[in-house]
Amino acid sequence: MRTQPGQTDPALIRNFCIIAHIDHGKSTLADRMLQITGVVDDRSMRAQYLDRMDIERERGITIKSQAVRLPYDGHVLNMIDTPGHVDFTYEVSRSLQACEGAILLVDAAQGIEAQTLANLYLAMNADLHIIPVLNKIDLPAAQPEKFAEELAGLIGCDPSDVLRVSGKTGEGVRELLDHVVREVPAPVGRADAAARALIFDSVYDTYRGVVTYVRVVDGHLGKRERILMMSTAATHETLEIGVISPEPRPAELGLGVGEVGYLITGVKDVRQSRVGDTVTSAVKSAGEMLAGYEHPKPMVFSGLYPIDGDEYPELREALDKLQLNDAALVYEPETSAALGFGFRVGFLGLLHMEIVRERLEREFGLSLISTAPNVIYRVIMEDGSELTVTNPSEFPTGGKIAQVFEPVTKSTILAPSEFIGAIMEICQGRRGNLLGMDYLSEDRVEIRYTLPLGEIIFDFFDQLKSRTRGYASLDYEPAGEQEADLVKVDILLQGEPVDAFSAIVHREKAYAYGTEMAKKLRELIPRQQFEVPIQAAIGARVIARENIRAIRKDVLAKCYGGDISRKRKLLEKQKEGKKRMKMVGRVEVPQEAFVAALSTDSGSDKPKK
Ligand SMILES: Nc1nc2c(ncn2[C@@H]2O[C@H](COP(=O)(O)OP(=O)(O)OP(=O)(O)O)[C@@H](O)[C@H]2O)c(=O)[nH]1
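This one's a predicted model, so the numbers in the text were calculated from it and none came from an experiment.

About the criteria used
Per chain, residue numbering runs from 1 following the sequence as it is written. In keeping with the predicted nature of the model, local features appear solely for residues at pLDDT of at least 70, side-chain atom pairs appear and are counted solely at 80 or more, and the whole-chain, interface and lining totals rest on all residues. The basis for every side-chain value is the complete set of non-hydrogen atoms in the structure, without hydrogens or water. For the purposes of this entry, the term helix denotes a DSSP run of H or I that reaches at least four residues, the term strand denotes a run of E that reaches at least two, and both are numbered from the N terminus. When a residue's accessible area, from a 1.4 Å probe over protein chains only, is under 20% of the maximum for its type it is buried; when over 50% it is exposed; and in between it is partly exposed. Residues are treated as being in contact if the distance between any of their heavy atoms lies within 4.5 Å. Note on areas: Shrake-Rupley, 1.4 Å probe, and residue coverage restricted to the protein chains presented here. Pairs of strands are assigned from DSSP output, requiring at least two bridges between the strands. Here an axis means a line fitted to C-alpha atoms, over the contact stretch when the element is a helix, while the angle between two N-to-C directions is reported on a 0 to 180 degree scale. Among buried residues, the Ala, Val, Leu, Ile, Met, Phe, Trp, Tyr and Cys ones that are joined through side-chain atoms within 4.5 Å form a nonpolar core. We define a salt bridge as a side-chain nitrogen of Lys or Arg found within 4 Å of a carboxyl oxygen belonging to Asp or Glu. Pairing of aromatic rings covers Phe, Tyr and Trp, the last counted by its six-membered ring, and requires centre-to-centre distances within 6.5 Å; plane angles under 30 degrees mean stacked, over 60 mean edge-to-face, and any other angle means tilted. Should an angle fall under 35 degrees it is called roughly parallel, over 145 degrees roughly antiparallel, and 65 to 115 degrees roughly perpendicular, with every other angle called oblique. Helix crossings are classified by the rotation of the near helix relative to the far one: an anticlockwise turn of less than a right angle makes the crossing left-handed, while a clockwise turn makes it right-handed. Multiplying one less than the number of residues by 1.5 Å gives the expected span of a helix. Along the arc lie the directions from the helix axis toward the C-beta atoms. Throughout this description, a polar contact denotes any pair of N or O atoms lying within 3.5 Å of each other; where both atoms belong to protein, one of them has to be capable of donating a hydrogen while the other can accept it, and for residues adjacent in sequence the pair is counted only when both atoms sit in side chains. UniProt positions are given in the numbering used here, feature names are shortened, and annotations may be inferred rather than shown by experiment.

Q: Please clarify how the overall build of the chain should be interpreted in this entry.
A: Secondary structure assignment for the chain yields 14 helices and 32 strands. For the chain, the residues scored as buried account for 55% of the 609 residues in total. Considering only contacts within the chain whose residues lie at least 6 apart along the sequence, 70% involve residues at least 24 apart. On the chain, roughly 26,900 Å² of surface is accessible, and the fraction owed to carbon and sulfur atoms is 49%.

Q: Explain the sheet that holds strand β5 (residues 129–135) here, please?
A: Sheet strands associate in pairs through backbone hydrogen bonding, adopting either a parallel or an antiparallel arrangement. Sheet architecture is open: 6 strands sit in the order β2-β3-β1-β4-β5-β6, paired in mixed fashion. Whereas interior strands pair on both sides, the edge strands pair on one side only; in this sheet they are β2 (67–72) and β6 (163–164). Most of the contacts of helix α5 (residues 144–155) go to β5, to which it runs at about 165°, and overall it touches β4 (101–107), β5 and β6.

Q: How should I be thinking about the pairing of strand β20 (residues 377–381) in this particular structure?
A: Working note: regular strand, side chains alternate between the two faces of the sheet. For β20, a buried count of 4 out of 5 residues is recorded, marking the element as mostly surrounded by other parts of the structure. When β20 meets strand β21 (residues 386–389), the two strands line up antiparallel, connected through 4 bridges. Looking across to β21, one finds that Ile-380 is bridged to Glu-386. Two successive antiparallel strands, β20 and β21, enclose a turn made up of 4 residues, where Gly-384 displays a positive phi of approximately 90°. When β20 meets strand β22 (residues 401–416), the two strands line up antiparallel, connected through 4 bridges.

Q: What is the right way to look at the nonpolar core in this model?
A: Grouped burial of nonpolar side chains is what soluble globular proteins tend to show. Core analysis: the biggest nonpolar cluster contains 48 residues, and Leu-329, Leu-360, Ile-413, Ile-423, Phe-460 and Leu-464 have the highest contact counts within it. Non-local contacts of Phe-460, meaning those with residues more than four positions away in its chain, are made with Ile-413, Ile-426, Cys-427, Arg-430, Leu-451, Glu-455 and Leu-474. Counting 36 residues, the second-largest nonpolar core is a separate cluster that includes Leu-96, Val-106, Leu-122 and Val-260.

Q: Looking at this structure, I do not really get the pattern of salt bridges. What am I missing?
A: Side-chain pairs of opposite charge can arise where the charged atoms are in close proximity. Evaluated as defined, the whole model comprises 27 salt bridges. Asp-443 is the partner of Lys-146 in a salt bridge, and the nearest nitrogen-oxygen pair spans 3.4 Å. Taken together, the residues Lys-146 in helix α5 and Asp-443 in the loop between β23 (433–441) and β24 (444–452) connect sequence positions 297 residues apart. Glu-418 is the salt-bridge partner of Arg-469, the closest N and O atoms lying 3.9 Å from each other.

Q: Just checking my understanding: could you explain the packing of aromatic side chains for this structure?
A: For any two aromatic rings, the description comes down to two numbers: the centre-to-centre distance and the angle of the planes. In the structure shown here, the tally under the stated rule is 6 aromatic pairs. Consider the rings of Tyr-312 and Phe-341, whose centres lie 5.7 Å apart with planes at 50°: the pair is tilted. Residue Tyr-312 is located in helix α7 (residues 312–324), and its partner Phe-341 is located in strand β17 (residues 340–347); the two are separated by 29 residues in the primary sequence. According to the relative accessible area criterion, Tyr-312 is buried, its value standing at 17%. Classification of Phe-341 by relative accessible area gives exposed; the value is 55%.

Q: Please clarify how the packing of helix α9 (residues 420–429) against helix α11 (residues 460–467) should be interpreted in this entry.
A: The description of two packed helices rests on the angle between their axes and on the distance between the axes. Direction vectors running N to C along α9 and α11 enclose 160°, while the axes themselves pass 10 Å from each other. It follows from the interaxial angle that α9 and α11 lie roughly antiparallel. For the pair α9 and α11, the sense of crossing is right-handed. Residue-level contacts link Ala-422, Ile-423, Glu-425, Ile-426 and Cys-427 of α9 to Phe-460, Gln-463, Leu-464 and Arg-467 of α11.

Q: How do you make sense of α7 when you look at a structure like this?
A: Each turn of an α-helix holds 3.6 residues, which means side chains three or four residues apart point in the same direction. In this model α7 runs 19 Å from its N-terminal to its C-terminal C-alpha over 13 residues, within 8% of the 18 Å that 1.5 Å per residue would give. Among all positions of α7, only Tyr-312, Leu-315, Ala-318, Leu-319, Leu-322 and Gln-323 are buried. Projection of α7 onto a plane perpendicular to its axis shows the buried side chains occupying an angular sector of 135°, all on one side. Buried-residue contacts for α7 involve β15 (300–306), β16 (330–336), β17, α8 (350–364) and β18 (368–370).

Q: Hey, could you run me through the side chain of Glu-334 in this one?
A: Here Glu-334 lies in strand β16. The class for Glu-334 is buried, based on a relative accessible area of 12%. Within the local environment of Glu-334, its side chain forms a polar contact with the side chain of Tyr-305, the two groups lying 2.6 Å apart. Apart from the residues within four sequence positions on either side, Glu-334 is in contact with Gly-303, Tyr-305, Gly-340, Phe-341, Gly-342, Phe-343, Arg-344 and Asn-391.

Q: It is not clear to me how the UniProt feature "binding site: GTP" (unreviewed entry) in the chain should be interpreted in this structure. Could you clarify?
A: The positions that UniProt labels "binding site: GTP" (unreviewed entry) are, in the present scheme, Asp-23, His-24, Gly-25, Lys-26, Ser-27, Thr-28, Asn-135, Lys-136, Ile-137 and Asp-138. You can see His-24 is positioned in the loop between β1 (13–20) and α1 (26–36). With near-sequence residues (within four places) excluded, His-24 lies in contact with Leu-105, Val-106, Asp-107, Gln-110, Gly-111, Glu-113, Thr-116, Asn-135 and Lys-136. Position of Thr-28 relative to the elements: it lies in helix α1. Owing to a relative accessible area of 26%, Thr-28 belongs among the partly exposed residues under this scheme.

Q: Looking at this model, I keep getting lost on the sheet that holds strand β12 (residues 248–250). Mind explaining?
A: Ordered by their spatial adjacency, 8 strands build an open sheet running β10-β9-β14-β7-β8-β13-β11-β12, and the pairing between neighbours is antiparallel. Each edge of the open sheet is held by one strand with a lone partner, namely β10 (234–237) and β12. With direction set aside, neighbouring strand axes in the sheet form an average angle of 40°. Across 4 bridges, the pairing between strand β9 (residues 226–229) and β10 is antiparallel. The residue bridging Met-229 from the neighbouring strand is Ala-234, located in β10.

Q: Help me understand the environment of Asp-9 in this model?
A: Locating Asp-9 in the fold gives a position in the segment before β1. By relative accessible area, Asp-9 is classed as partly exposed at 41%. Between the C-alpha atom of Asp-9 and that of Ala-186, which follows or precedes it by 177 residues, the distance is 9.7 Å.

In structure tokens form, the structure reads like this:
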């Protein structure tokens, strides 16, 4: 039986997602499901079918198949994709709210990892029925017995309830689908009530404008209907409404209770169709929105500057374009004495920052300098006034600060127990507070810390990986703020502060930051015709100093004899070189020095989804 959208009996619908740690095999399992349900035939099948979006994105078409409708055994299964990274937790939880069940997928050779836990907790919060599944059982290194026990211990079921599949060979996948049909509850909603649909994703497509993915909770949404976005009160007309199976397919009858699909209204900006918002009918509007709509808040800020100052308009244009597809991206123009015109950009986290930067460089051909990332600080002055600081240069100097607050995270690290010592050492070194520790099995441990976000955004993940030979995984979530003894360290060249190098750091680390930066710059800045002192200072107090000795760079010295044209050529060349220099006071600083001095190998799980 092949049911038509809009008339599917909700009792026959199962909405579920697959949640997993990166690389535990989500896409591969999804491939097998597409094949088994006949949505993609064997001939058109290719690996990671749903990941074709990356290619589309490079060509500028961004229809991500976020939800696929799979007809199976007289039922309609909607498999909803989740981004699965801490930066996008906000969006993950929206996707989860569009489901009734979640397949918790764990690599049978790796066991539970940090994102397995993070996603599981989100799914539990959303009240989903959880199906524990071990994947990759075909691997010789698989230890299904051991990890079934780990998984059962975690969610409180019997190890024999843990299903075992191989996304690669297809073993056990049919049984898994049967299990979904049997165990995941059917959606419940009121068919005759005013329409309410949750937006769980929204992407920009060059040709069709914004494509909005929705899950209908109550009522019905149809074509050519005036709809209302409840958080912005904007009304639009649905030009197209349909389901993805696996290509977008218009649904003549619209979408009814429990159904998952997409709608197109012709709006050009994802901010007009925000993830988490409720869509209702403009004619017969629902009274109440669906659960908790909130704006995603940027957590990490960095200055972005074109290496070539002439590319500033291109950078602005590129950011404008990216924002069409990324409601979480915020930016405002900023000027740096050292770097010229640029933008202060706010990101959800480090991964988000890496992705945006990579897209700006790859898709828009820009070369950028980004300043060291920093978090948001709340500064209370002695007169009671309050300041929100997203840029070190805005940090007040002088003795009038009463209190400074910084954001903290609850961080979870999973690793083999032999690394407990190393992990604790890193966390303590970054002002971590141990919250607790649990053994998942006799040799794997979960360690929980409160850590300042500002400490995580510098190379924390890299250090963690290198000290644990790559075995540790990390996840963190925002957990409010705490008061901290923070200061601004300025770096001065010949007495002139270079705003791009200022940083807000903990007082105990100020000296280390200052000396390291001064040393780095001594190596990076070429000698000038006069001596250049490099100083690190907190307010007026100098805490570190290096010197670049003077040199008289006489390019003509080598030209004995009097060949005037040769001399002229050399002078021309010197002039060329100067163009790539930035002037700080009288000091010439090459662009490369900024790039090298500011590069922190910031760590995060590498971009996946
Ligand atoms: N042997 C074996 N390998 C698998 C199986 N499932 C996935 N893999 C491999 O594991 C790797 C990760 O699989 P993906 O399906 O990309 O994992 P994912 O969790 O979806 O990761 P992303 O889509 O990249 O976020 C790939 O190299 C797959 O070929 C399996 O059942 N058996």
